[in-house]
Amino acid sequence: TLIDATVVSRLCWPSLPTDTFTLPAGVKKEMARFEKQFAHIKAPRKLVWKPSLGTVTLDVTFPDGSVGDVQCKPLQATILLRFGAQQRWALADLASELGIATDVVRKNLSIWLNRGFISEVRDAGGGAVFEAATSLGAGDESRHDAGEDEDGDAVASLAEEQRIAEMKVYEQYVIGMLTNLESLPV
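Residues numbered from 1 in each chain as written. Predicted model: local features only at pLDDT ≥ 70, side-chain atom pairs only at ≥ 80, totals over all residues. Heavy atoms only, no water.

A.B. asks: Is there a simple way to explain the environment of leucine 94 in this structure?
C.D. replies: Topologically, leucine 94 is positioned in helix α3 (residues 91–98). Through-space distance from the C-alpha of leucine 94 to that of valine 129 is 9.9 Å; in sequence the pair is 35 residues apart. For leucine 94, the contacting residues outside a window of four places in its chain are Ile79, Arg82, Phe83, Trp89, Val105 and Leu109. (Helix = DSSP H or I, 4+ residues; strand = E, 2+ residues; numbered from the N terminus. Contact = heavy atoms within 4.5 Å.)

Dropping the structure here:
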């Protein structure tokens, strides 16, 4: 696990979302190591982690030997890593394990369902259970094909909302920067 953190000052940046979820033990260990090194170099400053922000790059190896390289959000990576430890998860159990709501888990599972890394199956009681794929593309292809149009519209609107939110952060940053700096010569 490698961490490439971007350290920003709270004085210049607006408040950022603080969504929390339970990180994998290996990631927590690396974050603690990084934080210790940062404290040693930049004392008395300290880090306040924002685990819901950023991008994660994963090399996913399937039991059949096929490999997939993906970039995703930290929560999506955490969900996929849970399937590395346990092949099958009920939605409620996975949400409990991560410490977040089931609707948030379902929303973040969609990337893996659409890429075929995870498939949705029904248990004996008719409840939804999610299962890790055994090979790349062996996930629920029928769901992927049938839901392509609906998911495309939802993804497009979600991407637009995310772009607007990101631009709001930049706008607040520039406003903060301009108000915190002294007058500049023309």
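Anyway, onward from the coordinates.
A.B. asks: What is the right way to read helix α4 (residues 102–115) from this model?
C.D. replies: Because each turn of an α-helix spans 3.6 residues, side chains separated by three or four positions end up pointing in the same direction. A rise of 1.5 Å per residue sets the reference length of α4, with its 14 residues, at 20 Å; its end C-alpha atoms lie 20 Å apart and thus fit the reference within 8%. In the structure, α4 departs most strongly from a straight axis at leucine 109, where the bend amounts to approximately 35°. Taken residue by residue, α4 has Val105, Asn108, Leu109, Ile111, Trp112, Leu113 and Asn114 as its buried positions. Among the residues trailing α4, glycine 116 stands out with phi positive, at a value near 80°. (Expected span 1.5 Å × (residues − 1). Bend = angle between axes of the 7 residues up to and from the residue. Buried < 20%, exposed > 50% of the residue type's maximum accessible area, 1.4 Å probe, protein only.)

A.B. asks: Explain the sheet that holds strand β5 (residues 128–132) here, please?
C.D. replies: Paired through backbone hydrogen bonds, the strands of a sheet run either parallel or antiparallel to each other. Across the sheet, 3 strands lie side by side as β3-β5-β4; this open sheet has antiparallel pairing. The open sheet has two edge strands with one neighbour each: β3 (88–90) and β4 (118–122). Neighbour-to-neighbour, the strand axes of the sheet open up by a mean angle of 30°, direction not taken into account. Sheet analysis places β4 next to β5, joined by 5 bridges and oriented antiparallel. Across the sheet, the residue bridging to isoleucine 118 is alanine 132, located in β5. Helix α2 (residues 74–85) rests against β3, β4 and β5 of the sheet, and its axis sits at about 80° to β5. Here α3 sits on the sheet in contact with β3 and β5, set at roughly 90° to β3. (Pairing = 2+ DSSP bridges. Axes fitted to C-alpha atoms, helices over the stretch in contact; angles between N-to-C directions.)

A.B. asks: Whenever I open this one, the packing of aromatic side chains confuses me. Can you help?
C.D. replies: One pair of aromatic rings is described through two measures. These are the centre distance and the angle between the planes. Applying the stated criterion to the full structure yields 2 aromatic pairs. Plain terms: the ring middles of tryptophan 112 and phenylalanine 117 are 5.4 Å apart, the flat faces sit at 25° to each other, and that makes the pair stacked. In terms of burial, tryptophan 112 and phenylalanine 117 fall into one category: buried. (Phe/Tyr/Trp six-rings, centres within 6.5 Å; stacked < 30°, edge-to-face > 60°.)

A.B. asks: In this structure, what is going on with the packing of α3 against α4? I would like to understand it.
C.D. replies: To describe two helices that pack against each other, one gives the angle between their axes and the distance between the axes. Where α3 contacts α4, the axes come no closer than 9 Å and their chain directions differ by 100°. As far as their axial angle goes, α4 and α3 are roughly perpendicular. Taking contact as the criterion, the partners of Leu91, Ala92, Leu94, Ala95 and Leu98 in α3 are, on α4, Thr102, Val105, Arg106 and Leu109. Of the residues in the contact of α3 with α4, the class split is 7 nonpolar, 1 polar and 1 charged. (Parallel < 35°, antiparallel > 145°, perpendicular 65-115°, else oblique. Nonpolar A, V, L, I, M, F, W, Y, C, P; charged D, E, K, R; others polar.)

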